[in-house]
Amino acid sequence: MLIYKIFNLWEDYKMVRLGVSVYPEQEKIKEIDAYLKLASKYGFSKVFTSLFSVEGTKEEIVNYFKSFSEIAHKYGMEVSGDSNGQFFKQMGATETDLSVFKEMGIDTIRMDFAFNDERDAILINNKDGIHIEMSTSFVDVIEKAIDNGTNIENLSTCHNFYPQRYTAPSIEKINDLNNYWQSKNIKVGIFISSQVEGTHGPWPVSDGLPTIENHRNLPIDLQLRHCLVMNNIDEILIGNAFASEEEFKAIDSVLKEVFINVPVNDSFGILKNFIPNGEIKRVPFNINLEEGISDLEKEILFDFKTHNDLGDCLNYMLRSRFTRVIYKGKSIPERKCDKTHYTRGDVVIVNNNLAHYLGEVQIVLKDIEVDGQRNLLGRIPEEEIMLLDSMKGTEVFGFIKKTK
């Protein structure tokens, strides 16, 4: 049955892993300690850093990262270190001997450049228990490593970040890469960007550190929501430092809106097992409400947590159809609208003039004529309409009720 097939998509979801980035060449160890403590408080469990940015002798570098890793591990965070062949040579490491990384407490080595030969498979299959991460763009390198017998359980990929404005890839390019690696059962990480003024990366540039160019100026919680609706990302890391506690709180709020637990509602009668319930992942939208909407319209919009389209008529709108059954027999009088057409991002509800469908909530995707059968509830903010572009039609969605 179509309904069960759709809802099963949400039974096996997994929470994404969250991470932050720090840059030792620009930050004091006390600042790093305080930042990791703050990040871990909000559920972040990974820290990305650059191994080759710390200057000194081999012994000095080893000692520094031993202290660094002790701090990260104290807060339950995994350490991912950016490395390359030159750093391997400097530290006396080889693809068969990663003992120096183990001594430093490094959990994951992110290869800034690969060997591009059989050594990559040997590195991935290392006996030191160190996870290997490569750039998502290393398609040929990873395919060759797989052909050479690599253990993909010890391999993941991560996109780059782009400090220079206008240089980051498009959503479409990133989405294609994500889908490719997902088809290979290889995890994907991505960077989003803090909007705190003066945040930095490894270079003296303060224009953010996103993976996707469209994200560069967006609030961090919206970047996160967009990554989650793409549904092909396993790790999301803040690329620049330091994000503020307000941003961590915003991320925490998003996760509480996206991953929700919905108990079975016996009052729904025979529908109770068909309406999404249990651990649910959904797409939450902010909405700018229209003036004059009724209490019943607000109840249907906000209190029904699991709006969803069945995916069979994704054309002019996303339709939340169960609300018309739940609220059957209620009255939603027509409210006049000054617009001639509803446009992409408008949220409407069917009124008394189309009684059979009364109470159905719809998000408009293409222009439709205002014909008196729908009331305008409000509009999704312009910067959030991009979320609609990544929806496939079967996602559960909801609306965020603003508190005063």
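Parameters and conventions
Residues numbered from 1 in each chain as written. Predicted model: local features only at pLDDT ≥ 70, side-chain atom pairs only at ≥ 80, totals over all residues. Heavy atoms only, no water. Buried < 20%, exposed > 50% of the residue type's maximum accessible area, 1.4 Å probe, protein only. Helix = DSSP H or I, 4+ residues; strand = E, 2+ residues; numbered from the N terminus. Phe/Tyr/Trp six-rings, centres within 6.5 Å; stacked < 30°, edge-to-face > 60°. Pairing = 2+ DSSP bridges. Axes fitted to C-alpha atoms, helices over the stretch in contact; angles between N-to-C directions. Left-handed = near helix turned anticlockwise from the far one by under 90°. Contact = heavy atoms within 4.5 Å.

Peer 1: Help me out: how do you make sense of helix α9 (residues 220-230) in this one?
Peer 2: Note that an α-helix has 3.6 residues per turn; residues three or four places apart therefore point the same way. Across the 11 residues of α9, 10 count as buried, placing the element largely inside the fold. I220, L222, Q223, L224, R225, H226, C227, L228, V229 and M230 are the residues of α9 that are buried. N231 lies just past α9 and shows a positive phi near 65 degrees.

Peer 1: When you look at the packing of aromatic side chains in this model, what are you seeing that I'm missing?
Peer 2: Each aromatic ring pair is summarised here by two numbers: the centre-to-centre distance and the angle between the ring planes. Applying the stated rule across the entire model yields 17 aromatic pairs. With 5.9 Å between their ring centres and 50 degrees between their planes, Y35 and F248 make a pair best called tilted. With Y35 in helix α2 (residues 29-41) and F248 in helix α10 (residues 245-258), this residue pair connects regions lying 213 residues apart in the sequence. Just as Y35 is buried, F248 falls in that class too. Summarising the aromatic geometry, the rings of F48 and F161 are spaced 6.3 Å apart at their centres and angled 85 degrees between planes, so their arrangement reads as edge-to-face.

Peer 1: What is the right way to read the sheet that holds strand β15 (residues 346-350) from this model?
Peer 2: What links the strands of a sheet is backbone hydrogen bonding, and the strands pair in either a parallel or an antiparallel sense. An order of β11-β18-β15-β16-β13 is seen for the five strands of this open sheet, with the pairing classed as antiparallel. With partners counted over all chains shown, the strands left at the sheet margins are β11 (288-289) and β13 (317-320), one partner each. The pairing of β13 with strand β16 (residues 361-364) spans four bridges and is antiparallel. Bridge pairing in β16 links R319 to Q362.

Peer 1: Explain the packing of α9 against α10 here, please?
Peer 2: Relative to each other, α9 and α10 sit at 35 degrees, their axes nearing to 9 Å. Crossing geometry of α9 relative to α10 is assigned as right-handed. Along the contact surface, α9 presents I220, D221, L224, R225 and L228, while α10 presents E247, A250, I251, V254, L255 and V258.

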